[in-house]
Amino acid sequence: MDSADLVNLMAPPDLTGCSKILCVQPHPDDNEVGMGGIIASFAGRGCEIHYLTVTNGDLGAMDDKLSSEEIAAIRMRELEEAGRSLGATVFHQLQHGDGTLAHIPALAAEIAEIIRTVQPDAIFCPDPWLAYEAHYDHIVTGRAAAHAFLSSGLPLYPRGTSSRAWQPKAIGFYFTAEPNTVVDITPYFEQKFTAMALHRSQFNEEMLQLYRLYFHMKGRQLAEGKGFDIGEGLKVLSPLHLHCFVDAGLV
């Protein structure tokens, strides 16, 4: 062991070699909003992309005449259409109601079973430590996904499992204020917004234009000095960074 090993410990895992990824989202539109350009970029280099949606999104609609059941059905169609437009090919759905997530260990066990089945190189989810994040579905999903990522390599986790242990090499948190990895999405920026627009129950044209302005500005900031025009950021960590590692914030 030498100083090079310490440097490697303090570096985020490299995502460029991923051939299969699992994108975990609390609601049916979060992957597109949070990392749509990144998903398209992975698909563009032949990566197999799986979506895992934790809730059915049955509270989220602009039309107040729709029932929860109707909203859930609409959002299921929208999420697959939008995901496929970015290159996702496999869709996993947990059957939790929108706004109902509360128990991190129980949800972590569900997510771990999907991880062990899919066997991805990396998983992605919202950053649950984002300051001022008020949506508990995002907090619970992010914390549960992180715990599942950390523990899915244990042979007996979750309890009673019959699936084979699997340890992804990296977890990437989107919706993060502390990115340590910026992905060039310059060729995929319009594709991201085409996918977002397919969530017709969620976004009107005015909202899409506002998002476009914001993400273009943010993307230019993230890409500054990196040799490309527009980026999307992730906080990428390894299993070692997620347990008793006091310098994880510095990675």
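Residues numbered from 1 in each chain as written. Predicted model: local features only at pLDDT ≥ 70, side-chain atom pairs only at ≥ 80, totals over all residues. Heavy atoms only, no water.

Focus: the pairing of strand E7 (residues 231–237)
With 7 of 7 residues buried, E7 lies mostly within the body of the structure. Pairing between strand E5 (residues 170–174) and E7: 3 bridges, direction antiparallel. In the strand pairing of E7, isoleucine 171 is matched with leucine 237. Relative to E7, strand E6 (residues 181–184) runs antiparallel, the two being bridged by 4 bridges. Residue pairing in the sheet places valine 182 in a bridge with glycine 233 of E7. (Buried < 20%, exposed > 50% of the residue type's maximum accessible area, 1.4 Å probe, protein only. Helix = DSSP H or I, 4+ residues; strand = E, 2+ residues; numbered from the N terminus. Pairing = 2+ DSSP bridges.)

What about the packing of aromatic side chains?
Here the structure, examined in full by the defined rule, presents 9 aromatic pairs. For the ring pair tryptophan 129 and phenylalanine 173, a centre distance of 5.7 Å and an interplane angle of 80° mean the geometry is edge-to-face. Remark: phenylalanine 173 occurs in strand E5 and tryptophan 129 occurs in the loop between strand E4 (122–126) and helix H5 (136–151); sequence separation between them is 44 residues. Each residue in the set Phe189, Phe193, Phe203, Tyr211, Tyr214 and Phe215 is aromatic and connected to the rest through ring pairs, giving one cluster. Just above the ring of phenylalanine 42 sits the side chain of arginine 45; from NZ or CZ to the centre is 4.3 Å. Sitting above the plane of the phenylalanine 193 ring, arginine 212 keeps its charged end 4.8 Å from the centroid. (Phe/Tyr/Trp six-rings, centres within 6.5 Å; stacked < 30°, edge-to-face > 60°. Lys NZ or Arg CZ within 6 Å of the ring centre and 35° of its normal.)

As for the packing of helix H3 (residues 68–86) against helix H6 (residues 189–197)
With their axes 8 Å apart at the nearest point, H3 and H6 run at an angle of 165° to one another. One element, H3, and the other, H6, form an angle in the roughly antiparallel class. Like other packed secondary-structure pairs, H3 and H6 cross with a definite hand, here right-handed. Along the contact surface, H3 presents Ala82, Ser85 and Leu86, while H6 presents Gln191, Lys192 and Ala195. Tallied by class, the residues present in the contact of H3 with H6 amount to 3 nonpolar, 2 polar and 1 charged. (Axes fitted to C-alpha atoms, helices over the stretch in contact; angles between N-to-C directions. Parallel < 35°, antiparallel > 145°, perpendicular 65-115°, else oblique. Left-handed = near helix turned anticlockwise from the far one by under 90°. Contact = heavy atoms within 4.5 Å. Nonpolar A, V, L, I, M, F, W, Y, C, P; charged D, E, K, R; others polar.)

Remarks on the environment of isoleucine 104
Topologically, isoleucine 104 is positioned in helix H4 (residues 104–118). In this structure isoleucine 104 comes out as partly exposed when scored by relative accessible area, which is 24%. Spatially, the C-alpha atom of isoleucine 104 lies 9.7 Å from that of alanine 148, the residues being 44 residues apart in sequence. For isoleucine 104, the contacting residues outside a window of four places in its chain are Val140, Arg143 and Ala144.

Here we look at a negative patch on the surface
There is a patch of like negative charges on the surface, built from Asp63, Asp64, Glu69 and Glu70. For aspartate 64, the location among the structural elements is in the loop between strand E2 (48–55) and H3. For aspartate 64, a relative accessible area of 70% gives the class exposed. (Patch = residues over 30% accessible without salt bridge, like charges linked within 9 Å, V, L, I, M, F, W, Y side chains within 5 Å. Areas by Shrake-Rupley, 256 points an atom, 1.4 Å probe, with all protein chains shown as cover. Salt bridge = Lys/Arg side-chain N within 4 Å of Asp/Glu carboxyl O. Lys, Arg positive; Asp, Glu negative; His and termini not counted. Charge placed at Lys NZ, Arg CZ, Asp CG, Glu CD.)

Regarding the environment of valine 33
With respect to the helices, strands and loops of the structure, valine 33 is situated in helix H2 (residues 30–44). For valine 33, a relative accessible area of 6% puts it in the buried group. Taking C-alpha positions, valine 33 is 18 Å from alanine 131, a pair spaced 98 residues apart along the chain. The contact partners of valine 33, leaving out residues within four places of it in the chain, are Phe175, Lys192, Met196, Phe203 and Phe215.

Some points on the layout of surface pockets
Of the volumes computed, that of the largest pocket is approximately 360 Å³. When residues of the lining of the largest pocket are traced back to their parent elements, those giving at least two are H2, H6, helix H7 (205–223) and E7. Tallying contributions element by element places H7 first for the lining of the largest pocket, with 6 residues. Classifying every residue of the lining of the largest pocket by side-chain character gives 12 nonpolar, 5 polar and 3 charged. Taken together, 15 residues make up the lining of the second largest pocket; nearest its centre are His27, Asp29, Asp30, His135 and His138. Per-class residue counts for the lining of the second largest pocket are 5 nonpolar, 5 polar and 5 charged. (1 Å grid on protein atoms, 1.4 Å probe; cavity = no way out; pocket = protein on both sides within 12 Å on 5 of 7 lines; lining within 4 Å. Points joined across faces, edges and corners; volume = space filled by probe spheres on them.)

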